[in-house]
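# Inside the fold
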Amino acid sequence: MKFKNILFVNHKETQCGVYQYGKRTADIIKKSDKYNFIYIEVDSENEFSVAINSYNQIGILYNWHPVTMPWVWNHIFPKYNNITHYGLHHEGSKLFNFDYHIILDSTFEDNGNDFSVPRPLFEDISFKYSEPEIPIISSFGFGIGDKGFARVVKTVNEQFDKALIRLHIPFGYYGDKEKNSIKSIYPGCYNEMHKEGVKLQITNNFLTDNELLKFLSESTINAFLYPEMKGRGLSSVIDYAISVNRPIAITKSDMFRHTYNTIPSICIEDRSLPEII
């Protein structure tokens, strides 16, 4: 049986959370036994037109955000009105004339042509955990916005006499090309260091998915202590952290609304890091 083709369109810049979400999703749905999903990366309408004329597709999934795909707009759809257009809706991206909107929020209630999808986790993670000599508390994220890195350092200094804090803060292509996070984030983290037995390690080299998963799998606990962030989209850091099956600590941030009701609680408002571990 020959499966019908569906294009999955992503942009090309890898150091971007929108790109990474799209790539993880595409890797999962390419395993479909109902359709032949074809993954492409394009950065212009011309590149898109060449690709779309190369396949006999019945639908297109756009990993769309106005910042990363400014060339996608309503004028494109009438050109290909025999194709169903699906737009992945990232936070802050306005819904417009896709035939269907895929809301990247597992707490969203389906409504008409807008429907939610579960989170894209990694499979077959084989890293084995070895208990370190001192607790390792890790966190990661692009250096854009408030990811609570200084709060992680402060909390560890309050709750541990000996520990290694590892913060992985790569430079995002959209929003931190000038590497301003070094000046805006690092000082606040170092200012929260008060104990001789607590060490802080900050890295910023961009890691592959496999390297990042290995980084998280080595942790005693992975902590993500964001502020409330009311109305923001779900954070993808949980997708990575859950995939390696290590303890997780979070705040009751709106970006963790899909995980902050666990029993027992993994929120630092309710329990300390040692208790969560």
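Whatever comes next refers back to the structure up there.
Residues numbered from 1 in each chain as written. Predicted model: local features only at pLDDT ≥ 70, side-chain atom pairs only at ≥ 80, totals over all residues. Heavy atoms only, no water.

## Topic: the overall build of the chain
A tally of regular secondary structure across the chain gives 8 helices and 11 strands. Expected size for 277 residues packed as a compact globule is a radius of gyration near 19 Å; at 20 Å, the chain falls within 12% of this value. Reported as C-alpha extents along the three principal axes, the dimensions of the chain are approximately 65 × 40 × 30 Å. Within the span of the chain, comprising 277 residues, buried residues form 48% of the whole. Accessible surface, the chain as shown: approximately 14100 Å² in total, 50% of it carbon and sulfur. (Helix = DSSP H or I, 4+ residues; strand = E, 2+ residues; numbered from the N terminus. Rg over C-alpha atoms; globule rule 2.2 N^0.38 Å. Buried < 20%, exposed > 50% of the residue type's maximum accessible area, 1.4 Å probe, protein only. Areas by Shrake-Rupley, 256 points an atom, 1.4 Å probe, with all protein chains shown as cover.)

## Structural notes on the environment of Arg271
Mapped onto the fold, Arg271 is located in the loop between strand 11 (248–250) and helix 8 (273–276). Arg271 gets classed as partly exposed once you look at its relative accessible area, which sits at 24%. Spatially, the C-alpha atom of Arg271 lies 9.2 Å from that of Ala249, the residues being 22 residues apart in sequence. The residues contacting Arg271, other than those within four sequence positions of it, are Pro264, Ser265 and Ile276. In this structure the side chain of Arg271 is engaged in a polar contact, spanning 2.6 Å, whose partner is the backbone oxygen of Ser265. (Contact = heavy atoms within 4.5 Å. Polar contact = N/O pair within 3.5 Å; in protein donor to acceptor, adjacent residues only side chain to side chain.)

## Describing the nonpolar core
Counting residues in hydrophobic clusters, the biggest one holds 44 residues, and the most contacted among them are Ile137, Val152, Val156, Ile165, Leu167, Cys189 and Phe224. Those residues in contact with Ile165 that sit more than four places away from it in its chain are Ile137, Val152, Val153, Val156, Asn157, Met193, Val198, Lys199, Leu200 and Gln201. (Core = buried A, V, L, I, M, F, W, Y, C linked by side-chain atoms within 4.5 Å.)

## A short note on the pattern of salt bridges
The final tally for this structure, using the stated rule, is 12 salt bridges. One salt bridge connects Glu123 with Lys31, and the closest N-O pair in it is separated by 2.6 Å. With Glu123 in the loop between strand 6 (114–116) and strand 7 (136–140) and Lys31 in the loop between helix 1 (17–29) and strand 2 (35–41), this residue pair connects regions lying 92 residues apart in the sequence. The class of Lys31 is exposed, set by a relative accessible area of 57%. Among the salt bridges present, the one from Glu218 reaches Arg166, with a minimum N-O distance of 3.0 Å. You can see Glu218 sitting in the loop between helix 6 (209–217) and strand 10 (221–224) and its partner Arg166 sitting in strand 8 (residues 163–168), a full 52 residues away along the chain. Given a relative accessible area of 30%, Glu218 falls into the partly exposed group. Looking at Arg166, the relative accessible area reads 7%, which means it is buried. (Salt bridge = Lys/Arg side-chain N within 4 Å of Asp/Glu carboxyl O.)

## Some remarks on helix 2 (residues 45–52)
Three or more residues of helix 2 are buried, namely Phe48, Ala51 and Ile52. Buried residues along helix 2 cover an arc of 90° about the axis, so they all sit on one side. The outward face of helix 2, more than 90 degrees from its buried face, is lined by the exposed residues Asn46 and Val50. Lining the buried residues of helix 2 we find strand 1 (4–10), strand 2 and strand 3 (57–62). (Arc of directions from axis to C-beta.)

## Details of the pairing of strand 4 (residues 84–89)
Strand direction decides the pairing type here: strand 3 and strand 4, joined by 4 bridges, are parallel. Bridge pairing links Gly59 to Thr84 in strand 4. As paired strands, strand 4 and strand 5 (residues 100–103) are joined by 4 bridges and run parallel to one another. Across the sheet, the residue bridging to Tyr86 is Tyr100, located in strand 5. (Pairing = 2+ DSSP bridges.)

## Considering the sheet that holds strand 7
Pairing in this open sheet of 5 strands is parallel, and the strands run 9-8-7-10-11 from one edge to the other. Because the sheet does not close on itself, it has two edges, and the strands there are strand 9 (198–203) and strand 11. Neighbour to neighbour, the strand axes of the sheet diverge by 20° on average, direction disregarded. Pairing between strand 7 and strand 8: 5 bridges, direction parallel. Considered in strand 8, the bridge of Ile137 is made with Ile165. (Axes fitted to C-alpha atoms, helices over the stretch in contact; angles between N-to-C directions.)

## Points about helix 3 (residues 149–159)
Looking only at helix 3, the buried set comprises Phe149, Val152, Val153, Thr155, Val156 and Asn157. Contact partners of the buried residues in helix 3: strand 7, strand 8, helix 5 (186–190), strand 9, strand 10 and helix 8.

## Some thoughts on the sheet that holds strand 6
Read across the sheet, 6 strands follow the order 2-1-3-4-5-6 without closing on themselves; strand pairing throughout is parallel. In the strand order of this sheet, the two ends are held by strand 2 and strand 6, each with one partner. For this sheet the average axis-to-axis angle between neighbouring strands, irrespective of direction, equals 25°. Sheet topology note: the strand 5/strand 6 ladder contains 3 bridges and is parallel.

So far we have only geometry, and geometry alone does not tell us how the molecule works.
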